[in-house]
Amino acid sequence: MASQGPGKTEVWSWIQVDKAAPPEIKETLKVTALRTFGPAGNFDQDDMDNWQQCSRSGQGVVSHSYPLNVQMGLGHESYQDYLEAWASESIYSKINHLNMYSHWAKVMDAKSWNDIQ
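Residues numbered from 1 in each chain as written. Predicted model: local features only at pLDDT ≥ 70, side-chain atom pairs only at ≥ 80, totals over all residues. Heavy atoms only, no water.

Participant: Help me out: how do you make sense of the overall build of the protein in this one?
Facilitator: If you tally the helices and strands in the protein, you get 4 helices and 2 strands. Beginning at the N terminus, the succession of helices and strands in the protein can be written as α-α-α-β-β-α. Taking as baseline every contact in the protein between residues at least 6 positions apart, the subset at least 24 positions apart corresponds to 8%. Of the roughly 10900 Å² of accessible surface on the protein, a fraction of 56% belongs to carbon and sulfur atoms. (Helix = DSSP H or I, 4+ residues; strand = E, 2+ residues; numbered from the N terminus. Contact = heavy atoms within 4.5 Å. Areas by Shrake-Rupley, 256 points an atom, 1.4 Å probe, with all protein chains shown as cover.)

Shown next as structure tokens:
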């Protein structure tokens, strides 16, 4: 297992493939995902500098002087029946992150599993 802690980031990625897809389609999608994400993937290489700079800038004097604002897209989301999920009106938002941390806060505050809906 990779070491985890301050200054470390663990990234997981998944692909979904129809169970009934032919083996050659499954293999093609797997190879495409590996070439796109992961240590040798194009997207991760492109984002690596961004992640490093986010970590570095979070350690500075100015970043410790102001609260972090992660409200991008807040108030512009709605439940979409056809997706069976929440989605933002904007192409860019932090709705998924906000919902995940909102649920995490409920789990942390709950006295028992029955308190979590």
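And the narrative resumes.
Participant: Help me understand the pairing of strand β2 (residues 85-88), please; the structure alone is not making it clear to me.
Facilitator: Each regular strand carries side chains that alternate between the two faces of the sheet. Bridge count for strand β1 (residues 77-80) against β2 is 4 bridges, and the pairing is antiparallel. Residue pairing for β2: S78 is matched across the bridge by A87. The antiparallel pairing of β1 with β2 creates a hairpin that spans 4 residues between the two strands, and E84 there sits at a positive phi of about 55°. (Pairing = 2+ DSSP bridges.)

Participant: Looking at this structure, how should I read the packing of aromatic side chains?
Facilitator: The way to describe two aromatic rings as a pair is by their centre distance and the angle between their planes. Overall, the coordinates contain 2 aromatic pairs when judged by the stated rule. Measuring from ring centre to ring centre gives 6.1 Å for Y79 and W86, while their planes differ by 80°; the resulting arrangement is edge-to-face. When its relative accessible area of 46% is taken as the criterion, W86 is described as partly exposed. Centre to centre, the rings of Y101 and W104 are 6.4 Å apart; their planes meet at 90°, and the pair counts as edge-to-face. With Y101 and W104 both in helix α4 (residues 95-109) and 3 residues apart, the pair spans about one turn of that helix. The class for W104 is partly exposed, based on a relative accessible area of 48%. (Phe/Tyr/Trp six-rings, centres within 6.5 Å; stacked < 30°, edge-to-face > 60°. Buried < 20%, exposed > 50% of the residue type's maximum accessible area, 1.4 Å probe, protein only.)

Participant: Help me understand unusual backbone geometry in this model?
Facilitator: Backbone geometry places E84, a non-glycine residue, at a positive phi of 55°. Residue position: E84 is located in the loop between β1 and β2. Taking the relative accessible area as the measure of exposure, E84 reaches 65% and is therefore exposed.

Participant: Which parts of the structure should I look at to understand the pattern of salt bridges?
Facilitator: Oppositely charged side chains can form a pair if their charged atoms are brought close together. The tally for this structure, following the rule as stated, stands at 1 salt bridge. Across the pair K30 and E27 runs a salt bridge whose closest N-O atoms are separated by 3.4 Å. Here E27 and K30 lie together in helix α1 (residues 23-36), a separation of 3 residues that amounts to about one turn. (Salt bridge = Lys/Arg side-chain N within 4 Å of Asp/Glu carboxyl O.)

Participant: Would you take a moment to explain the environment of W12 for this structure?
Facilitator: If you trace the backbone, W12 turns up in the segment before α1. Note: C-alpha distance between W12 and F37 (25 residues apart in sequence) is 9.3 Å.

Participant: What's the story with a nonpolar patch on the surface in this structure? I'm lost.
Facilitator: Taken together, the side chains of I15, V17, I25 and L29 present a nonpolar region at the surface, about 300 Å² in accessible area. Tracing the sequence through the fold places V17 in the segment before α1. Using a relative accessible area of 32% as the deciding quantity, one classes V17 as partly exposed. (Patch = residues over 30% accessible without salt bridge, like charges linked within 9 Å, V, L, I, M, F, W, Y side chains within 5 Å.)

Participant: Where do I start with the environment of G58 in this structure?
Facilitator: The residue G58 is located in the loop between α2 (42-57) and α3 (61-65) in this model. Its relative accessible area of 37% is what places G58 among the partly exposed residues.

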